[in-house]
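A closer look at the structure
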Amino acid sequence: MGEEEKIMSSINRDYLIFPLSCDPELEETEEREIYYKYLDSAFDEPRIHNIGIAGGFGVGKSSLLRSYEKRYLRTANLKQEINNPFKDRRKKDEPRFLYVSMGESQCNNSDNKNETERRILLQIYSRFHKKDIPSSSFEMIHESTGHLRTKTVVCSLFLFLVLLLTFFTPLGKLLKATLPAASIIVHYKTEIHAALYLIVIGMAVIGGGYLIYQALTKMYVKTLALKGEKAEVAVERTDTRDYLDQYSMDLVYCLEQTAEKIGHTVVFEDMDRMKTDDVIEIFARLKEINAMVNQRLPEDEYIRFVYVIKDEVLARMEHYKFFDYVLPVLPGINRVTSEHVFRENLKKINSLLKPASSIDELKKELDDFEKPGKENLVSLVAPYLLDYRLQYMILNDYRFFMELNLVNRGINPGQHAAEQILSLAIYKNVWPEYYDRISS
C-alpha cells in the first residue's frame, strides 16, 4: 500500500465521511462468522448451484457477500497452492466474483425485461477481453487482435488485385517492353489475367456471402403471407427477441471459458427492483443457463449463481423449487438497536468536532448527545432511522454543516447549535423535497 493509500485509509477510519456504498471490509464478529459458516457449506456443496441471499432493503446483503468473497477466494487460492505447488500463477489475475448489478429500473414499458437482459449481458461481457473469449459473437468494443489484422491483410490483397486488373493493359505493355519475349509472365499473360479474374470473383463471392450470412443471423422471419401471386415476408432484427434466448449459448461459452477467472461465481444484485413477474422469468432463464454451463465443465468443477434479493420476491415464486439454498440476512438495525448504532457513530464525529471548537457550552452539548438513556433529539428520532444509508447520510451532513458553522463562527453559546444542525440534517434527508423548497 502506497503512502497516499495509507492516508486515505486513515481518513476513513477517522470517519471523515461514512461511505454509502457496501463495505467489503466488515468487522469480524461472532454473528458474521455464523453467516460465513453457512456460506462456506453452501459454496462447498457440489449440488448447490443456485443460491439466494434474501433480506430487506439496506440490511447489508451486498456488504456481507463482498466481505465473504475475499475470505472465500483467499482460502481457495491456498488450497490450489497446496494441491499444485509447482503451478505458475504469477501471470494470472487473481480471481474475483462476477457481479451483475441492475440498480434502479423503471418498469413502465413492455420492453423493460428485454432491456434488462441486454444490460445483464453487457455487464458480464464488459468484464472480459476478446482474448478471454475469442470465439464469442457478442458485439462489444472491437479490440486490436490477430483476427482483425488478418481481415486487414485480406482486404488489402483484394484491393490490390482489383487495381491490378483495372490497369492490366498498360501494365502488360510495360512488362512486354521490359521483359524478354521468352519470359514466363509474357508467355502466360492471358492465363494469368484469367486467374486474377477468378481470384477476385472468388474473394468477392466469399466476402459477399459472409456479409449476407451476418445480416441473416441477426434477423428472423416474423410472418410469411401468400396472397395470390404475391408472397410477403416480414423480417425483424433479432434485438426484438429476448437477449438471454438469443445469446444463451454464447453466454454458456463465455462462462465456461472464464469460470476460474471469476471464482466460479456470478452474483446478480438489485434485479428485484424490476417487476416481479419479469424477475421470475429472468431467474428461470438464468437457471437454465447455469445448468448448461455446468454440463460442459469438468465433473470436479461447477459454476454457481448467487441472487441477492428481497424477501418479498421469494413470496411470489416457488423459491424452494428454484433455489438450491437460501440464506436469510437479518437486519442489523431495528427500533431497539438503531439508537445505539446512531449514537456510537455520532460519538466518532463529535470526537473530531470537539478539538475544533473553543466553545465550552458546545462541547457540553456534544457530550449530552452521547449519553445513553437521556431523552434528547437522538433518543427521539433514532428509532425511526432504520436504514444504515439514511443514518450515514444524516451524519455526513451533520458534520459538514457543523464544520461550516465553526469556520464561519456561526455558533454562539447557548444556541443549542448542535441540536439545530442535527435537526436540519435529519430534515434534509428524510424530507428532501421540502428541504429543497426551504433552501429556495
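Everything below is about the structure shown above.
What this report covers is the structure whose coordinates are included nearby.

What counts and how
Residues numbered from 1 in each chain as written. Predicted model: local features only at pLDDT ≥ 70, side-chain atom pairs only at ≥ 80, totals over all residues. Heavy atoms only, no water. Helix = DSSP H or I, 4+ residues; strand = E, 2+ residues; numbered from the N terminus. Contact = heavy atoms within 4.5 Å. Areas by Shrake-Rupley, 256 points an atom, 1.4 Å probe, with all protein chains shown as cover. Buried < 20%, exposed > 50% of the residue type's maximum accessible area, 1.4 Å probe, protein only. Core = buried A, V, L, I, M, F, W, Y, C linked by side-chain atoms within 4.5 Å. Salt bridge = Lys/Arg side-chain N within 4 Å of Asp/Glu carboxyl O. Phe/Tyr/Trp six-rings, centres within 6.5 Å; stacked < 30°, edge-to-face > 60°. Lys NZ or Arg CZ within 6 Å of the ring centre and 35° of its normal. Axes fitted to C-alpha atoms, helices over the stretch in contact; angles between N-to-C directions. Parallel < 35°, antiparallel > 145°, perpendicular 65-115°, else oblique. Left-handed = near helix turned anticlockwise from the far one by under 90°. Expected span 1.5 Å × (residues − 1).

Tallying secondary structure elements over the protein gives 19 helices and 7 strands in all. Of the contacts formed within the protein by residues at least 6 apart in sequence, a portion of 74% connects residues at least 24 apart. Of the roughly 27,400 Å² of accessible surface on the protein, a fraction of 57% belongs to carbon and sulfur atoms.

Of all residues except glycine, most have a negative phi; of all peptide bonds, most are trans. Residue H264 is not a glycine yet carries a positive backbone phi of 55 degrees. On the basis of relative accessibility, which here comes to 17%, the residue H264 falls in the buried class.

Let's shift gears to the nonpolar core. A general tendency of soluble globular proteins is for nonpolar side chains to be buried together. Core analysis: the biggest nonpolar cluster contains 40 residues, and L255, V266, F268, F283, L286 and Y307 have the highest contact counts within it. Every element with two or more residues in this core is listed here: β2 (98–101), α4 (112–125), α9 (243–246), α10 (248–258), β5 (265–269), α11 (276–296), β6 (304–309) and α12 (311–316). Here this core gets 6 residues from one element, more than from any other, and that element is α11. Here V266 is in contact with L98, V100, L255, I303, R304, F305 and V306, once residues within four sequence places are set aside. With 26 residues, the next largest nonpolar core counts F342, L346, V378 and Y398 among its residues.

Moving on to the pattern of salt bridges. Under the criterion given, the structure shown has 11 salt bridges. E344 serves as the salt-bridge partner of K347, at 3.3 Å between the closest nitrogen and oxygen. Placement of both K347 and E344 in helix α14 (residues 338–353) is noted, with a separation of 3 residues, approximately one turn of the helix. K347 gets classed as partly exposed once you look at its relative accessible area, which sits at 29%. Given the relative accessible area of 28%, E344 is considered partly exposed. In this structure, E403 and R399 form a salt bridge, with 2.8 Å as the shortest nitrogen-oxygen distance. Taken together, the residues E403 and R399, both in helix α17 (residues 388–407) and 4 residues apart, mark about one turn of the helix. The exposure class of E403 is partly exposed, given its relative accessible area of 33%. Judged by relative accessible area, R399 falls into the buried class, the value being 10%. Within the structure, one salt-bridge network assembled from shared partners comprises D245, R285 and E288.

Moving on: the packing of aromatic side chains. Applying the stated criterion across every chain yields a total of 21 aromatic pairs. For the ring pair Y243 and Y247, a centre distance of 6.3 Å and an interplane angle of 15 degrees mean the geometry is stacked. Ring centres 5.6 Å apart and planes at 65 degrees place the aromatic pair Y307 and F323 in the edge-to-face group. Of this pair, Y307 sits in strand β6 while F323 sits in the loop between α13 (319–322) and β7 (325–328), and the two are 16 residues apart along the sequence. Y307 gets classed as buried once you look at its relative accessible area, which sits at 0%. Following the ring pairs from residue to residue traces out a cluster consisting of Y36, F43, Y68, Y72, F97 and Y99. Taking the ring centre of Y99 as reference, the NZ or CZ of R66 above it sits at 4.0 Å.

Two elements in contact, α10 and α11, have axes whose closest approach is 9 Å; the angle formed by their N-to-C orientations is 50 degrees. With respect to each other, α10 and α11 are oriented oblique. For the pair α10 and α11, the crossing hand works out as right-handed. Facing S248, M249, L251, V252, L255 and E256 of α10, the residues of α11 in contact are R285, I289, M292, V293 and R296.

On to helix α18 (residues 417–430). Helix length check: α18 (14 residues) gives 20 Å between terminal C-alpha atoms against 20 Å at 1.5 Å per residue, within 8%. Those residues of α18 not exposed but buried are A417, A418, I421, L422, A425, I426 and N429. Summarising the contacts, the buried residues of α18 are in contact with α14, α15 (360–370), α16 (377–381), α17 and α19 (432–439).

All quantities given are derived from atomic positions and should not be read as evidence of function.
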